[in-house]
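Chains, contacts and geometry: an overview
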Amino acid sequence: MTTLKQEFSPDSVVADAINVDGLTDFGDDSYREPLERLLWSLANEADLNAIGRPVLRQRMVDILATRLRVQAWLQRYPEIRDEQIEAPLVIVGLPRTGTTMLHRTIAADHRMYAPLWYEVRYPSPALDWDFTAAGDGRITDAKAEMAAMLEGNPELIAIHPMDAMGPDEDIMLLEQSFYSFNTQAFANIPSFDAWIEAQDHTPGYEYFKLLLQFLQWQKKRSGQQGQRWTLKAPHHLHYMDLVFKVFPDARVVQSHRDPVETIPSLASLIAGVWVIYSDTADPTEVGRQWARKFARGMEHTMAVREARGEDAFLDLWFRDTVSQPLVEIGKVYDFLGMDLTPEASAEMAQWQDFNRRELRPPHDYTLEQFGLSEAGLREQFSRYRQRFIEPQGS
């Protein structure tokens, strides 16, 4: 009988990835140490249940199989590396600050490239892909996976809008190198979390750029023509220095909302995922981990802003984004030096009408569920609140 540790051994996971297509070239080996440490934590700390064990192991196999396919595509089409990622728009902010709505609304402009959920989950198509949506098996796989997640916890749709074909966070592209916090959103893996926080994430951001080049090449081959990328991930708060290191001309929009409101909502989302994959998921541990993590990330971004200057940043506030989204998006386009054309405005208005928040169930939670308190969060985020929240009267 296969033990859990054997099931999550690096050699067995790598072997299964190789068996997918028979490919063996992973490119460089920067993925190997984070993979090994992640698999150890999943086997020894996550207390995965009968759903979590096969699903998260398969996720690791999928990532490695994708890496093999990416390398094969690069060998076949080396010009992929010549794709220029010009002045990307990077939307950041604490989770639950309206970044998803802002990102998806702007992505409705056909001049913008945006990473879709199925593309960030499966960045590389099969090697025989014909550059059409009908021939892209990733779409079928992504829809099935999302349906399974919602079956595991139907409440997720009330917390976060989910659409396999819609624009989504690019953190899953960072996950392809194992240099991200994405797996921590699925399970409690404290040893890996502590180790990965202490590492230089430059390899992850460099691979992230390569995957964007690959996706841009794919989009062009399938007939899309955009002017720039619109990206979004709260994760970038933790590594804003690397955003500018890898994308020196990036334009950053930061959305603001009181952490007293956002962190409990984030904890609710993470806890709602943990319970799918572990029968011993502890909501108070979710609250402790993720409040600390984002307090640290916000301090990092504030330090980068202070050192770099404010020219590359535009600040928006959640209440304005919700109450007058197209006015706020007009500020974004001014910031980018782009015209908000009547056509783009119409595309955005149509998307917003179709995706009204009230079409989803209400999202209910309390701070106490996650071991949090208003006083504690105000203290953890005190410098951020003094700079961005309190002057707004919140």
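Source: prediction; values computed, not measured.

Reading the values: the criteria
- Residues numbered from 1 in each chain as written.
- Predicted model: local features only at pLDDT ≥ 70, side-chain atom pairs only at ≥ 80, totals over all residues.
- Heavy atoms only, no water.
- Core = buried A, V, L, I, M, F, W, Y, C linked by side-chain atoms within 4.5 Å.
- Buried < 20%, exposed > 50% of the residue type's maximum accessible area, 1.4 Å probe, protein only.
- Contact = heavy atoms within 4.5 Å.
- Phe/Tyr/Trp six-rings, centres within 6.5 Å; stacked < 30°, edge-to-face > 60°.
- Helix = DSSP H or I, 4+ residues; strand = E, 2+ residues; numbered from the N terminus.
- Axes fitted to C-alpha atoms, helices over the stretch in contact; angles between N-to-C directions.
- Parallel < 35°, antiparallel > 145°, perpendicular 65-115°, else oblique.
- Left-handed = near helix turned anticlockwise from the far one by under 90°.
- Nonpolar A, V, L, I, M, F, W, Y, C, P; charged D, E, K, R; others polar.
- Salt bridge = Lys/Arg side-chain N within 4 Å of Asp/Glu carboxyl O.
- Expected span 1.5 Å × (residues − 1).
- Pairing = 2+ DSSP bridges.
- Arc of directions from axis to C-beta.
- Polar contact = N/O pair within 3.5 Å; in protein donor to acceptor, adjacent residues only side chain to side chain.

Membership of the largest hydrophobic core comes to 104 residues, with the highest contact counts inside it found for Leu42, Leu64 and Trp290. Dropping the residues within four chain positions of it, leucine 64 is found in contact with Val13, Val14, Ala17, Phe26, Tyr31, Leu35 and Phe178. The next biggest cluster of nonpolar side chains, apart from the first, holds 15 residues, and it includes Ile91, Ile106, Leu314 and Ile329.

What follows concerns the packing of aromatic side chains. Scanning the model with the defined rule gives 19 aromatic pairs in all. Taking 6.0 Å as the distance between ring centres and 55° as the angle between the ring planes, the aromatic pair formed by phenylalanine 181 and tyrosine 239 counts as tilted. On the criterion of sequence distance, the pair formed by phenylalanine 181 in the loop between helix H9 (171-175) and helix H10 (190-197) and tyrosine 239 in the loop between strand E3 (228-232) and helix H12 (240-246) is long-range, its members being 58 residues apart. Neither residue differs from the other here; phenylalanine 181 and tyrosine 239 are each classed as buried. Seen in terms of ring centroids, tyrosine 205 and tyrosine 239 are 6.3 Å apart; in terms of plane orientation they differ by 55°. Their pairing is tilted. Of this pair, tyrosine 205 sits in helix H11 (residues 202-221) while tyrosine 239 is found in the loop between E3 and H12, placing the two residues 34 residues apart along the sequence.

Before going further, it helps to spend a moment on the packing of helix H2 (residues 10-21) against helix H4 (residues 52-76). Closest axis-to-axis distance for the H2/H4 pair is 8 Å, and the angle between their directions is 55°. When the axis of H2 is compared with that of H4, the two are oblique. Regarding H2 and H4, the two cross each other, and that crossing is right-handed. Where H2 abuts H4, its residues Ser12, Val13, Val14, Asp16, Ala17, Ile18, Val20 and Asp21 lie against Arg57, Met60, Val61, Leu64, Ala65, Leu68 and Arg69. Residue classes in the contact of H2 with H4 are distributed as 10 nonpolar, one polar and four charged.

We now examine the pattern of salt bridges. Counted under the stated rule, the structure contains 31 salt bridges. Across the pair glutamate 36 and arginine 32 runs a salt bridge whose closest N-O atoms are separated by 2.7 Å. Here glutamate 36 and its partner arginine 32 are both found in helix H3 (residues 32-44), four residues apart, which amounts to about one turn of the helix. Under the relative-accessibility criterion, arginine 32 is labelled partly exposed at 23%.

Compared with the 36 Å implied by 1.5 Å per residue over 25 residues, the 36 Å span of H4 between its first and last C-alpha is a close match. Of all 25 residues in H4, 19 are buried; the element is thus mostly enclosed.

Attention now goes to the sheet that holds strand E4 (residues 251-256). Across the sheet, five strands lie side by side as E2-E3-E1-E4-E5; this open sheet has parallel pairing. Each of the sheet's edge strands pairs with one partner strand only, and the pair in question is strand E2 (112-113) and strand E5 (313-317). In the sheet, strand E1 (residues 89-93) pairs with E4 via five bridges, with the strands oriented parallel. Within E4, the position partnered with leucine 89 by the bridge is arginine 251. Each of E2 and E3 is contacted by H11, which is oriented at about 130° to E3, the strand it contacts most.

With that settled, consider the pairing of E1. Of all five residues that make up E1, five are buried, and the element is covered over most of its length. Burial of the side chains of E1 extends over both faces: Leu89, Ile91 and Gly93 are buried on one face and Val90 and Val92 on the other. Sheet analysis places E1 next to E3, joined by three bridges and oriented parallel. Following the sheet pairing, isoleucine 91 is matched in E3 by lysine 232.

Among the residues of helix H19 (residues 382-389), those classed as buried are Tyr384, Arg385, Phe388 and Ile389. Down the axis of H19, the sector holding all buried residues measures 95°, keeping them to one side. Summarising the contacts, the buried residues of H19 are in contact with E4, helix H13 (259-277), helix H14 (283-308), E5 and helix H18 (374-380).

The subject of this paragraph is the environment of aspartate 249. For aspartate 249, the position within the fold is in the loop between H12 and E4. Distance in space between the C-alpha atoms of aspartate 249 and proline 78 is 24 Å, their sequence separation being 171 residues. Residues in contact with aspartate 249, not counting those within four places in the same chain, are Ile85, Glu86, Ala87 and Pro88. One polar contact links the side chain of aspartate 249 to the main-chain amide nitrogen of alanine 87, over a distance of 2.9 Å.

Turning our attention to the pairing of E3. Extensive coverage of E3 is indicated by the burial of five of its five residues. What you see with E3 is no split at all: Arg228, Thr230 and Lys232 on one side and Trp229 and Leu231 on the other are buried throughout. Where E2 lies against E3, two bridges are found, and the strand directions are parallel. Directly across from tyrosine 113, in E3, lies its bridge partner tryptophan 229.

Right, let's get into unusual backbone geometry. You will see that alanine 87, though not glycine, has its phi angle at about 40°, which is positive. Its relative accessible area of 17% is what places alanine 87 among the buried residues. One non-glycine residue, phenylalanine 178, lies in the positive phi region at around 70°. For phenylalanine 178, the position within the fold is in the loop between H9 and H10. Residue class for phenylalanine 178 comes out buried when judged on its relative accessible area of 3%.

Everything listed here is a matter of coordinates, which is why it stays silent on function.
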